[in-house]
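Listed below are the residues making up each chain.
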Amino acid sequence: MRAPLDPTALLDFVSAQGVDDAEAFCRALPRAYFDTADPEDYRQHDLFLRRFLRAPDQPCLLRTRGDIEQFVFHEYDATKLRAQLAEATRQLAADELLYRTFVNRDLGFMLTAVYADVMRSARAAEFTPPAFAPHRGRFFDERGRLSSHLFTERADEGRTLIIRCVNVAHRTMLANLWETLDSHQLDVALVQVWRLRGVEPRIASFFELRVRVTRPVDDEAFASLEADFARYIQQYTVPMSLFDLVGPSMVGPSSSHTAGANRIGQIARGFVLACIARGETVREVEVRLLGSFRDTGVGHKTPSALGGGLWGLATDDETMIAHGEPDFLREHGIDFGGQVARFAGFTRGTAADDARYAHEKNGNIAEVVFTTDRGVHTVTGFSIGGGNVEVRHFDGPLDFPIDGKRDLWLDGTRVVDAPDAAGAWPVIRGIFGESTPVTGYVMPFNTFEELVEHCAAGGRGLVDVVLEVERGLQASTADAVYAQMGRYWTIMRRSVAQGVKSREPSLLGLSGDGAAKVHGFLGAHPLFDTLWGRAVAYATAVNELNAKSGVIVACPTAGSCGILPGVLAAYEELAAPDERRLIEALMVAGFLGMLLFNDVSTAGADYGCQAEVGAAAAMAAAALCHLEGGDVSAVVHAFTLAIKNSLGLICDPIAGLVEVPCVKRNGVYSSVAISAALMALSGVTSFVSPDEVILTMREVGERLNVDYKETARAGLAKTRDGKRVERRFEGEVRRFFG
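Asks: Where do I start with the overall build of the protein in this structure?
Replies: Broken down by element type, the protein carries 27 helices and 20 strands. Relative to the compact-globule value of 27 Å for 738 residues, the protein shows a C-alpha radius of gyration of 29 Å, a close match. In terms of overall dimensions, the protein has C-alpha extents of about 95 × 70 × 50 Å along its principal axes. Taken across its 738 residues, the protein has 58% of its residues classed as buried. Long-range pairs, those at least 24 residues apart, make up 70% of the contacts in the protein with a sequence separation of at least 6. When the accessible surface of the protein is summed, it comes to about 29300 Å², and 50% of that surface belongs to carbon and sulfur atoms. Mean positive and mean negative side-chain charge positions of the protein (76 and 95 charges, respectively) differ by 3 Å.

Rendered as structure tokens:
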């Protein structure tokens, strides 16, 4: 039986359920409560309310169980609500989740009903879960690709907000839902949350949230709410490895334009070999560069790296660049396991070509066009930062992006993630030696603030959490993680030593002896021979080595590869920490970089230099803070302070070379990293919350003009000095494009 609508009849109805003061009870609870609550529970809730009102200024937590519900009553406190819901929902077995929170902000309380496995209960007929199918078109585009994760609507003349979202972590959703509602000072009466799982293969979770308010939400407020829900209710963290941010080891000068280009070439080689395996004969290969790859690629050795990748050579193979040189390719072609294809040349894409991929929101684009006896195939790859890539097209859009981390199979022009029963489909091999396992692991947090809460709630150390997540996402053992990071630290140390000693100029003499000069100055001026001074010298040294195509470790990119090893090498000399602690600091740096990457890719062509040097400074700040005993919160704030003071940093390399301003910027921003760590260790925190700072970084990057995103079209690149270098470099460009 449900409560009547007539107010007088409602009072009589409530009294009949054993509520002593029906009038006070009806005033305290919203109409939505009487529309949904079981009348048998009124009396218990009345007891909760009266107990609360005896001391409304005191903390309160009351619980009871109904037949299928668990009720939780407490003061108005969204943080307490999140904690109680986490506990109440932890043991639920079913794929669906339903809870309702009734609110009275004037009296200051929340009453939540959590329904245990409701569609398996005896009362299942009383509930109607939301349907996903009618809304599928809002989440998927016409090609069947997931294109949006959230949309918001109004109903009931503006008194109900409906938010539907997919692949969102419950914890992240809940925190940002209530923070958004509170920041808009809405008088909320009811929040109802449904979560369904398994609605279709690519949808891990589907949420429908209904927020009932006492006054209509006008157009201006709705627009603000809609924007905040989309901004803050984020999808699951993309499954990555901390070695995607500390790594790869590579031949410089650019992680996105050199290592990333090489990996696109390697993946494209896999497509060619798969076509050969199904009986095609490859005749020729052409490489077309678009966007930033076209505009600055020669200076980054992008064409040569693509050619080396097509030959099957890895990012750190010191012969890789030579195999991609145009003269070598014209003379030798490209050997695909016995079939040698003629190389038809490097070409530059047009503005119209760029426009075809504008929706991809990435400017580092290469098309590998190969001709066989059966036709022409095109592989389109995108470099998304830090050497990470996605091939998103093969003769048309793919169902999912290919990152080269696991074996896949070619079914016509479709790529699938499992072989056919007959074994007829040719394999597209992963490029990392071993396929990354698909573990199904979901991180228990999605943001920096949730990471701090997660560590505090379980008394976990940050390194333990890093290893737990890496094991969950990559099936890696702790020993394997320590060993791999140890190998990278060895390469970092070597790059510092080589860079400091070298005075050899780069190709055009734009850099080469800066680190040696600074290092020599420190020896004669003790005032500067500090952690700051040595970090400046060593960060500059590594980036100078990178500019000369030496072997470095991208961290998170090659253009910013000096800051993390520079700071840690200086710290090692002065503090002599145990090497295991240094390796753990690198793990912490990579892990926080991985969390950042979920919102902001570390590619200058996407978000400007704030995403490269800014991210590197943040990772180094976090590593140093960890080494000096900072807790999780301090480490996160060190990271945040460095990011906040890098916002808006543009990427304007002269002639597209990773030298000016990159080399000296590495040295300068090593000081930013150390200063941010010092402040955090001293108890100084960012006034703007860490998660807000990261989202601001994304917003700033999205609004930066494309001329300041690694295109060499503006800024320092177009000064008189910059254009003079560009003219000197024109001969090198003609070698590739004629």
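Let us keep going from here.
Asks: Got a minute to help me understand the environment of Cys 275 in this structure?
Replies: Mapped onto the elements of the fold, Cys 275 is located in helix α9 (residues 255-277). With a relative accessible area of 1%, Cys 275 lands in the buried category. Sequence-wise, Cys 275 and Leu 410 are 135 residues apart; in three dimensions their C-alpha atoms are separated by 8.3 Å. When sequence neighbours within four positions are dropped, the list of residues in contact with Cys 275 reads Glu 280, Phe 370, His 377, Phe 394 and Leu 410.

Asks: How do you make sense of the packing of aromatic side chains when you look at a structure like this?
Replies: How two aromatic rings sit relative to each other is set out by the distance from centre to centre and by the angle between their planes. For the structure on display, the rule yields 27 aromatic pairs. Judged by centre distance (5.8 Å) and plane angle (15 degrees), the ring pair of Phe 132 and Phe 139 falls under stacked. Both residues of the pair, Phe 132 and Phe 139, count as buried. Where Phe 139 meets Phe 206, the ring centres are 6.4 Å apart and the plane angle is 80 degrees; that geometry is what we call edge-to-face. Of this pair, Phe 139 sits in helix α6 (residues 136-139) while Phe 206 sits in strand β8 (residues 206-213), and the two are 67 residues apart along the sequence. The burial state of Phe 139 is the same as that of Phe 206; both residues are buried. Three or more aromatic residues joined by ring pairs make a cluster, and in this case those are Phe 13, Phe 25, Tyr 33, Phe 34, Tyr 42 and Phe 102. When the ring centre of Tyr 482 is taken as origin, the NZ or CZ atom of Arg 580, which lies over that ring, is 3.7 Å away.

Asks: Please explain unusual backbone geometry as it appears in this structure.
Replies: Cis geometry is found at the peptide bond from Gly 247 to Pro 248, where omega equals 10 degrees. Along the chain, Pro 248 falls in the loop between α8 (219-232) and β9 (249-251). Across the junction of Cys 555 and Pro 556, the peptide omega takes the value 0 degrees, indicating a cis bond. Mapping Pro 556 onto the fold places it in the loop between β20 (551-553) and α20 (563-575). One non-glycine residue with positive phi stands out, namely Glu 157, at about 55 degrees. Checked against the element boundaries, Glu 157 lands in the loop between β5 (150-155) and β6 (160-166). By relative accessible area, Glu 157 is classed as exposed at 72%.

Asks: Sorry if this is basic, but what is going on with the sheet that holds strand β7 (residues 188-196) here?
Replies: Neighbouring strands of a sheet are bound in pairs by backbone hydrogen bonds; such pairs are parallel or else antiparallel. Pairing in this open sheet of 8 strands is antiparallel, and the strands run β1-β2-β4-β3-β7-β8-β6-β5 from one edge to the other. In this open sheet, the two edge strands, each paired with only one partner strand, are β1 (61-65) and β5. Here the strands of the sheet are splayed against their neighbours by 15 degrees on average, with no regard to which way each runs. The pairing of strand β2 (residues 69-75) with strand β4 (residues 109-115) spans 7 bridges and is antiparallel. When the sheet's bridge partners are listed, His 74 is paired in β4 with Met 110. The strands that helix α5 (residues 78-89) touches are β1, β2, β3 (97-104) and β4; relative to β4, the one it contacts most, it runs at about 15 degrees. Against the sheet, helix α7 (residues 170-183) contacts β3, β4, β6, β7 and β8, and its axis sits at roughly 160 degrees relative to β7.

Asks: It is not clear to me how the pairing of β4 should be interpreted in this structure. Could you clarify?
Replies: The side chains of a regular strand alternate between both faces of the sheet. Along β4, 7 of the 7 residues are buried, which leaves the element largely enclosed by surrounding structure. Where β3 lies against β4, 7 bridges are found, and the strand directions are antiparallel. Bridge pairing in β4 links Arg 100 to Ala 113. As consecutive antiparallel partners, β3 and β4 are separated by 4 residues, and within that stretch Gly 108 has a phi angle of approximately 85 degrees, a positive value.

Asks: Help me understand a nonpolar patch on the surface, please; the structure alone is not making it clear to me.
Replies: Nonpolar side chains collect at one region of the surface, where Phe 521, Leu 527 and Phe 528 lie side by side and expose about 340 Å² of accessible area between them. Mapped onto the elements of the fold, Phe 528 is located in the loop between α18 (514-524) and α19 (531-547).

Asks: Which parts of the structure should I look at to understand the pattern of salt bridges?
Replies: Working definition: two side chains of opposite charge can pair if their charged atoms are close together. Applying the stated criterion across every chain, the model contains 51 salt bridges. Here Asp 187 and Arg 215 are joined by a salt bridge, their closest N and O atoms 4.0 Å apart. Of this pair, Asp 187 sits in the loop between α7 and β7 while Arg 215 is found in the loop between β8 and α8, placing the two residues 28 residues apart along the sequence. Owing to a relative accessible area of 22%, Asp 187 belongs among the partly exposed residues under this scheme. Arg 735 is the salt-bridge partner of Glu 732, the closest N and O atoms lying 2.9 Å from each other.

Asks: What should I look at first to understand helix α21 (residues 579-597) in this one?
Replies: One turn of an α-helix holds 3.6 residues; hence residues three or four places apart share an orientation. Relative to the 27 Å expected for 19 residues at 1.5 Å per residue, α21 spans 27 Å between its end C-alpha atoms, a close match to the ideal helical length. N-cap assignment for α21: the residue whose side-chain oxygen lies 2.9 Å from the backbone N of Arg 580 is Asp 578.

Asks: Any chance you could explain the sheet that holds strand β14 (residues 375-385) here in plain terms?
Replies: Pairing in this open sheet of 7 strands is mixed, and the strands run β11-β12-β10-β13-β14-β15-β16 from one edge to the other. A single partner strand is all that each edge strand has here, and the edge strands are β11 (334-336) and β16 (397-402). Mean inter-strand twist for the sheet, computed between neighbouring axes without regard to direction, equals 25 degrees. For strand β10 (residues 282-290) and strand β12 (residues 339-348), the ladder comprises 6 bridges, and the chain directions are parallel. Bridge pairing in β12 links Val 285 to Phe 343. Each of β10, β12, β13 (364-372) and β14 is contacted by helix α10 (residues 291-300), which is oriented at about 90 degrees to β10, the strand it contacts most.

Asks: Help me understand the packing of helix α24 (residues 632-644) against helix α25 (residues 662-681), please; the structure alone is not making it clear to me.
Replies: For any two helices packed against each other, one specifies the crossing angle of their axes together with the interaxial distance. The interhelical angle for the contact between α24 and α25, taken along N-to-C directions, is 140 degrees, at an axis separation of 8 Å. Taken together, α24 and α25 sit at an angle that is classed as oblique. Handedness of the α24/α25 crossing: right-handed. For the pair α24 and α25, contact is made by Ala 634, His 637, Ala 638, Leu 641 and Ala 642 and by Val 672, Ala 676, Ala 677, Met 679 and Ala 680, respectively.

Asks: Is there a simple way to think about the pairing of β5 in this case?
Replies: Here β5 runs beside β6; their pairing, made up of 6 bridges, is antiparallel. Bridging across to β6, Arg 154 finds its partner in Leu 161. Between β5 and β6, which follow one another and run antiparallel, lie 4 residues, and Asp 156 among them has a positive phi close to 50 degrees.

Asks: For this particular structure, what's the right way to read the side chain of Arg 123?
Replies: Of note, Arg 123 is situated in the loop between β4 and α6. Of the residues examined, Arg 123 reaches a relative accessible area of 10% and is grouped as buried. Side-chain polar atoms of Arg 123 contact the side chain of Glu 69, separated by 3.2 Å. Filtering out sequence-adjacent residues up to four positions away, Arg 123 remains in contact with Asp 38, Asp 67, Ile 68 and Glu 69.

Cut-offs applied
- Residues numbered from 1 in each chain as written.
- Predicted model: local features only at pLDDT ≥ 70, side-chain atom pairs only at ≥ 80, totals over all residues.
- Heavy atoms only, no water.
- Helix = DSSP H or I, 4+ residues; strand = E, 2+ residues; numbered from the N terminus.
- Rg over C-alpha atoms; globule rule 2.2 N^0.38 Å.
- Buried < 20%, exposed > 50% of the residue type's maximum accessible area, 1.4 Å probe, protein only.
- Contact = heavy atoms within 4.5 Å.
- Areas by Shrake-Rupley, 256 points an atom, 1.4 Å probe, with all protein chains shown as cover.
- Lys, Arg positive; Asp, Glu negative; His and termini not counted.
- Charge placed at Lys NZ, Arg CZ, Asp CG, Glu CD.
- Phe/Tyr/Trp six-rings, centres within 6.5 Å; stacked < 30°, edge-to-face > 60°.
- Lys NZ or Arg CZ within 6 Å of the ring centre and 35° of its normal.
- Pairing = 2+ DSSP bridges.
- Axes fitted to C-alpha atoms, helices over the stretch in contact; angles between N-to-C directions.
- Patch = residues over 30% accessible without salt bridge, like charges linked within 9 Å, V, L, I, M, F, W, Y side chains within 5 Å.
- Salt bridge = Lys/Arg side-chain N within 4 Å of Asp/Glu carboxyl O.
- Expected span 1.5 Å × (residues − 1).
- Polar contact = N/O pair within 3.5 Å; in protein donor to acceptor, adjacent residues only side chain to side chain.
- Parallel < 35°, antiparallel > 145°, perpendicular 65-115°, else oblique.
- Left-handed = near helix turned anticlockwise from the far one by under 90°.

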